[in-house]
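An overview of the molecular structure
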Amino acid sequence: MTRHEQENFPAVTSSPLLLRAAPLALCAAMIAGYPTMSLAAETTATPVEAAAGAIFAQPSALPFQAPDFAHIADADYEPAILQGMAAQRAEIAVIADNSEPPTIENTLVAMERSGQFLTRAYGAFSAMVGANTNDRLDAVEAELSPKLAAHGDAIYLDSKLFARVKALYDKRAELPSGGEEARLLEVTYQRFVNEGAQLSDKDKLALSAINEQLSSLGTAFSQKLTEASKQAALVVASRAELAGLSDAEIEAAAAEAKTRGAEGQFVLTLVNTTQQPQLARLTNRETRRRLYEASVTRTTRGDANDTTATIARLAELRAEKARLLGYPDYASYAMYDRMVKEPVKALEFMEQMVPAVARKQAAEAEELNAAIRAEGGKFSVQPWDWDFYSEKVRSAKYDLDDAQVRPYFEISRVLEDGVFYAANLVYGLTFQKRSDIPVYHPDVSVYTVLDADGSELGLFYFDPYARPNKQGGAWMGNFVEQSRLIGTKPVIYNVLNIPKPAEGQPALVSFDDMITMFHEFGHGLHGLFASQTYPSISGTNTARDFVEFPSQFNENFATQPQILGHFARHWQTGEPIPAELMAKIDRARKFNQGYALGEVLTAALLDMKWHALKPGRLKNAARFERQALDSLGLRIDLVPPRYHSSYFRHIWDNGYAAGYYSYLWTEMIAHDAFAFMLDGGHGVTREGGDLFRQKILSRGNTMDYAAMYQAYAGRQPRIDAMLDARGLVEEGAK
Ligand SMILES: [Zn+2]
């Protein structure tokens, strides 16, 4: 579809059993007194006031146990997380040392109950580090990251604890099949094995050392990238060089320069991706080239924020880790719990798209070169020109530009009359805005989500606007995860990076940002509809190549006529978006898909190549990337990867290692599932929604994903609907 999707970071778990074990997590870990490793340093290094962090010791007294941001101070997080880890270690020690024979209740269920103090603290902390950070919280994150990794190791490498889990696993045939217990046992056992529980003591120590280094390097990468992106912002001296941008954008660039002590100049800040949004509009080719160069070289300048050595070390350590655990490469290891379980299957899925994408890219480049020649240009299209000329061709061909569209997408209308309305139409949900829940920033709003029968499902926080102290992209997370065992309902947040309008101006969002709002809320629904007993298999705690399915599925509702017609109204006149404009948008969405799909496909294939490395094989990170890209059969000189390796945060610090293909895989499933909903799945109706909720959205990780899909659609997903949506069917058939 459109570019925004790949900006989205994963749903973030705060479940302590998943913290570092699952590839899903920014999150840290699980816990237990690992006998050969001293954890004393963590608990005694920093004397803290008795009260600091105590706010997380008990569940919040607020509705839904929502974090009490009115009383949480920055100083609370570190002591609370340290104390929370210590508390969970003690809880786990009791389980491991139990003299009774292992039972589901005294082992698995007890583990699921453990770590709630840590979960509460870490849930709030990880949200703040992502959405509202500062130097102090960044420092705490760097400090805690290896400790949380060690905490996870201490649980998963605890041989007494593993012996109990293994004893249960060996008798798994006695459990009722298809139940949550059987799945929890399977998932927990596999996680132990893949965390190294069966290794010798010597290898366990080696693994712990690798894990701690990986964690620190991941954090170091992320912090370097954030700083590099800030430093590499393009500074231009004159307004003329910014021709093509709106007055508001130029004013924002002037304001940014002022905050950086460069008053009188203009600063264009960088987003995460290779391509920068302003490239579509900057008429000065030299400014475009400079902005593009700033973007692609941000982390390879040989300065303190150069990440080349960091990623080489990360790749090498991951390869060593996989070898230690008995896998041929890191990709094979990382995919053990996925819907697609083998790297070769993911590669096949992607490689089957390459010929159609290559043809489409060649045709697109030809079209752009024709546009350049038509205006007298004596050059052929380069990556920094691509968006500018494709925007020209798009508006010539479709007579459509973003400025025509935005007035119909006023943010509160998109949210309440669009995103929420769709959830009402399809699932019967209603939403009540509330003002009594403390928020961490004044831009955040909170809603109670009510089920069709009027019962309370959970809380939803909406944090839409870009801030300098927010990570780029958009994501969803839980402050509180649903669990019948713990007695908790979901408390969910969506974070986006929509430019904040100037005081008194309406917040008009782009078409892509509008779709992103539906996307993130799709994750929200996956969390809100969770109906599990056990927190570690609840809601969005699903595989990397499944978790984006509900969110991408939810995007489809945005353009359904009865939903679009309800929210897409002119912010001043209230006129609905003209059908003709919408038809143009629809056609335009299929435009430029050789580029859009190509940059994602390239990044996904690059990710797989990094993680198919054998230990000791990497000589030079820059050359490795060049060779990997050259081997794909695509025009990388025209369509560079959406992220070059040196700033590919997803794979180095966001749990997408050997998993970036997931965006394409889940897009395929999401399109197929929606096609099924329209044709056989009861349509865009309450019936259709209830079926999807019952079979998919409420299931968490309680069954094999392929079986779950089979139960919904009666078959496995097919690629046709995705290729059709991308406008590639005809190309592929040529
Ligand atoms: Zn997503």
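Let us look at the structure shown here. (Residues numbered from 1 in each chain as written. Predicted model: local features only at pLDDT ≥ 70, side-chain atom pairs only at ≥ 80, totals over all residues.)

1. Remarks on the overall build of the protein
The following threshold applies: Strands here are runs of E lasting at least two residues and helices are runs of H or I lasting at least four, both read from the DSSP assignment and numbered beginning at the N terminus. Our radius of gyration looks at C-alpha atoms and nothing else; its globule reference is 2.2 Å times the residue count to the power 0.38. Once C-beta atoms are placed from the backbone, each residue is buried if 20 or more other C-beta atoms lie within 10 Å of its own, exposed if 12 or fewer, and partly exposed for counts between those two. We call two residues in contact when their backbone-placed C-beta atoms lie within 7 Å.
For the protein, the count of helices and strands is 29 helices and 7 strands. Taken over the C-alpha trace, the protein has a radius of gyration of 25 Å; the compact-globule value for 734 residues is 27 Å, and the two agree within 12%. Viewed in the frame of its principal axes, the protein has a C-alpha envelope of about 85 × 60 × 55 Å. Taking all 734 residues of the protein together, the buried fraction comes to 53%. In the protein, of all internal contacts separated by at least 6 residues, the share reaching a separation of at least 24 is 76%.

2. A word on the nonpolar core
Here is a general trend for soluble globular proteins: nonpolar side chains tend to be buried in one another's company. Put simply, the rule is: Nonpolar cores are identified as sets of buried Ala, Val, Leu, Ile, Met, Phe, Trp, Tyr and Cys residues joined via C-beta atoms within 7 Å. Each domain span listed reflects an automatic or database assignment of domains.
If you look at the biggest cluster of nonpolar residues, it comprises 198 residues, and the most contacted ones within it are Ile81, Ala121, Leu459 and Ala604. Residue contributions to this core reach at least three from each of two domains, namely domain 1 (3–221) and domain 2 (232–296). When sequence neighbours within four positions are dropped, the list of residues in contact with Ile81 reads Leu118, Ala121, Tyr122, Phe125 and Leu144.

3. With respect to the packing of helix α3 (residues 104–113) against helix α6 (residues 159–170)
Test applied: Here the axes come from fitting lines to C-alpha atoms, over the contacting stretch only for helices, and the angles between their N-to-C directions go from 0 to 180 degrees. Each crossing gets its hand from how the near helix is turned against the far one by less than a right angle, where anticlockwise is left-handed and clockwise is right-handed. Gly counts as polar in this scheme, as do all residues outside two lists: the nonpolar Ala, Val, Leu, Ile, Met, Phe, Trp, Tyr, Cys and Pro, and the charged Asp, Glu, Lys and Arg.
Two elements in contact, α3 and α6, have axes whose closest approach is 10 Å; the angle formed by their N-to-C orientations is 115 degrees. For the pair α3 and α6, the sense of crossing is left-handed. In this structure, α3 contributes Ile104, Thr107 and Leu108 to the contact, and α6 contributes Arg164, Val165 and Leu168. Of the residues contributing to the contact of α3 with α6, the split by class is 4 nonpolar, 1 polar and 1 charged.

4. A closer look at the pairing of strand β4 (residues 445–450)
The cut-off we apply is this: Two strands qualify as a pair provided DSSP detects at least 2 bridges between them.
Relative to β4, strand β3 (residues 430–434) runs antiparallel, the two being bridged by 5 bridges. Paired with Thr430 across the strands is Leu450, a residue of β4. Where β4 hands over to strand β5 (residues 456–465), the hairpin turn is made up of 5 residues, of which Gly454 adopts a positive phi near 90 degrees.

5. Here's the deal with the sheet that holds strand β7 (residues 491–498)
With mixed pairing, the 5 strands of this open sheet are ordered in space as β3-β4-β5-β7-β6. Each edge of the sheet is formed by a strand with only one pairing partner; in this case those strands are β3 and β6 (475–480). This sheet shows a mean twist of 30 degrees between the axes of neighbouring strands, independent of strand direction. Along the sheet face, helix α18 (residues 511–528) touches β4, β5, β6 and β7 and points at about 165 degrees away from the line of β7.

6. What about the packing of helix α22 (residues 593–611) against helix α23 (residues 621–630)?
Heads up, the condition is: An angle below 35 degrees is read as roughly parallel, one above 145 as roughly antiparallel, one from 65 to 115 as roughly perpendicular, and any other as oblique.
Packing of α22 against α23 leaves a shortest axis separation of 10 Å and a crossing angle of 125 degrees. Accordingly, the angle class assigned to the pair α22 and α23 is oblique. Taken as a pair, α22 and α23 cross one another with a handedness that is right-handed. Along its contact with α22, which presents Thr602, Leu606 and Lys609, the element α23 presents Glu625, Ala628 and Leu629. Among the residues making up the contact of α22 with α23, the classes are represented as 3 nonpolar, 1 polar and 2 charged.

7. Focus on helix α9 (residues 247–259)
Where we set the bar: For a helix, the expected span equals 1.5 Å multiplied by the number of residues minus one.
Taking 1.5 Å as the rise per residue, α9 with 13 residues should run 18 Å; its terminal C-alpha atoms sit 18 Å apart, in good agreement. Gly261 lies just past α9 and shows a positive phi near 75 degrees.

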